[in-house]
Structures are given as structure tokens and as C-alpha cells.
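For reference, the chains in residue letters:
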Amino acid sequence: MFGGLRLGVYAGAPIILDWSVAILAAFLVLSNIAAGMSALPFALITLISILLAIFIHEMGHAATAAAFRIPNRRIVITGFGGFIEPAWKPAYRSQDILISAAGPAANLGCAAIGWVLLRALSPATTLEGFDDPLSFLERFMQVSLALGAFNLLPGFPLDGGHILRVALGYRVQESKAAKITAWLGLIIGAYLGLAGVATQALWATGIGLYIASAALEELRRLRNPTRKR
Ligand SMILES: [Zn+2]
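Residues numbered from 1 in each chain as written. Predicted model: local features only at pLDDT ≥ 70, side-chain atom pairs only at ≥ 80, totals over all residues.

Q: Explain the environment of A63 here, please?
A: By secondary structure assignment, the location of A63 is in helix α2 (residues 40–67). The exposure class of A63 is partly exposed, given the 17 C-beta atoms found within 10 Å. As a C-alpha pair, A63 and Y10 span 53 residues in sequence and 8.7 Å in three-dimensional space. (Helix = DSSP H or I, 4+ residues; strand = E, 2+ residues; numbered from the N terminus. Buried ≥ 20, exposed ≤ 12 C-beta atoms within 10 Å, placed from the backbone.)

Printed below as a string of C-alpha cells:
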């Protein structure tokens, strides 16, 4: 995994579009095609909005890390989100928190700008007419809001979980802070997975499982820190 298309370079780090993006594209097309071919523009608009929002999210992390003179090995956009690989841990907890917060903040900033633009340009736009470029703006705003808010949930491996973990580190031992946020991640992932099953939202189940398994892996690693990841 994490081979893919090289989009460019930012501050010395290659920006990579991971092949798993194809899974997201296939899922969006297949889940919308039941509604007929007319739903395909909606799938395409959603796909582009998600990838753009993930790109902006990761660039928020990367730019903040670069501002603290922390180089990144790579910036990866996947079908499930994305990540950056800083060359080393920030020297200060405050820097660590700011780098984590910058991703969701970039998304929420985009959502706010999109909202203002939409209200200014067309108060009555709905998602029904895809010939209208404003429907892309509306979709992008929705995706940005969802991505930004979701990532602020306080469980590992989400940004909110990382922020809480580092903030708790001011008060409790780091291993304890890590354990608390991993448990919260497990609860969030399990809840999302079950809610997805209950409402037949396959994407929610998938993301829930992804978060829960990452949180479980982290709990295992914390129990046996010498074990290789
Ligand atoms: Zn993030």
C-alpha cells in the first residue's frame, strides 16, 4: 500500500495520491449508480470534493509542520483519508497540537468561506442541478465541514485524539494519555461501525472499522511497547 501517483512536491516532501483512491471512486460510483446514470455527476462531484478536502487537510498539517522547521518525508492522500510523515516529533507539545489542529482547521476554514460565497452568490442553490458550478461549491463545503468536524473527535487515530493525547500529557503520564485516547478511538470506531450497520450506511461501517482496528492496534502496541509495529 501507499504506492501511487506522484502529484508534486511540497517543501521537499513528495505528494502521493495512493491507489486506494480507486476504491473510493468505485464505491461512490457503485453506490450511486443504483439511482441511475443521472446520479453519476453527483458521484464525481463528491469524489473530487473529498479528494480536494483531504488534500487541503494534509497540506494544513504539512504547512504547519514546515513552519516549525519540521520536514516531511511524504504527504499521502488515500481513499480513506490521508497522512503526513514528519521526519521527527515536534520539540514542544504546543507545536504538536498546532500541527494536528491545522488539518481540521483548514477544512473548517474552507467550509466557512464556501458558506459565505454560496450565500453571497446564490441563496437558493440546491444540489439538484449539477450543471451549476455552485453545486460543486456546495458539495465541497459540506464535505469540508464533515471532514473537519469528524477529525476533531477525541479518539486515536483521529486528529482530535492526537490533540487530546498531547494535551493530557501535560497532566498524566504519556502512556496513560495514549491509552485513554486509544480507548476513546475504539469506542468512536465501534459506535460508527454499529450505527453504519443500523442505518445501512456502508461507508460509515468501513470508516468505523478502520478507526476501531487502528485503535485496537495502538492498545496492543501500548501493552507491549517493544513489539514491532
Ligand atoms: Zn489530520
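Q: Honestly, the packing of helix α6 (residues 174–199) against helix α7 (residues 202–223) in this entry has me stumped. Any pointers?
A: Axis angle and axis distance: for two packed helices, these are the angle between their axes and the distance between the axes, and together they describe the pair. For the pair α6 and α7, interaxial distance at closest approach is 7 Å and the crossing angle is 155 degrees. As summarised for this structure, α6 and α7 are arranged roughly antiparallel, according to the angle between their axes. The handedness of the crossing between α6 and α7 is left-handed. The residue inventory of the contact of α6 with α7, partitioned by class, reads 19 nonpolar, 7 polar and 2 charged. (Axes fitted to C-alpha atoms, helices over the stretch in contact; angles between N-to-C directions. Parallel < 35°, antiparallel > 145°, perpendicular 65-115°, else oblique. Left-handed = near helix turned anticlockwise from the far one by under 90°. Nonpolar A, V, L, I, M, F, W, Y, C, P; charged D, E, K, R; others polar.)

Q: Whenever I open this one, the pairing of strand β1 (residues 4–10) confuses me. Can you help?
A: On a regular strand, each side chain points to the face opposite its neighbour's, so the side chains alternate between the two faces of the sheet. Counting buried positions along β1 gives 0 out of 7 residues, so the element sits mostly on the surface. Two elements, β1 and strand β2 (residues 13–18), share 6 bridges in a ladder whose sense is antiparallel. Within β2, the position partnered with R6 by the bridge is I16. (Pairing = 2+ DSSP bridges.)

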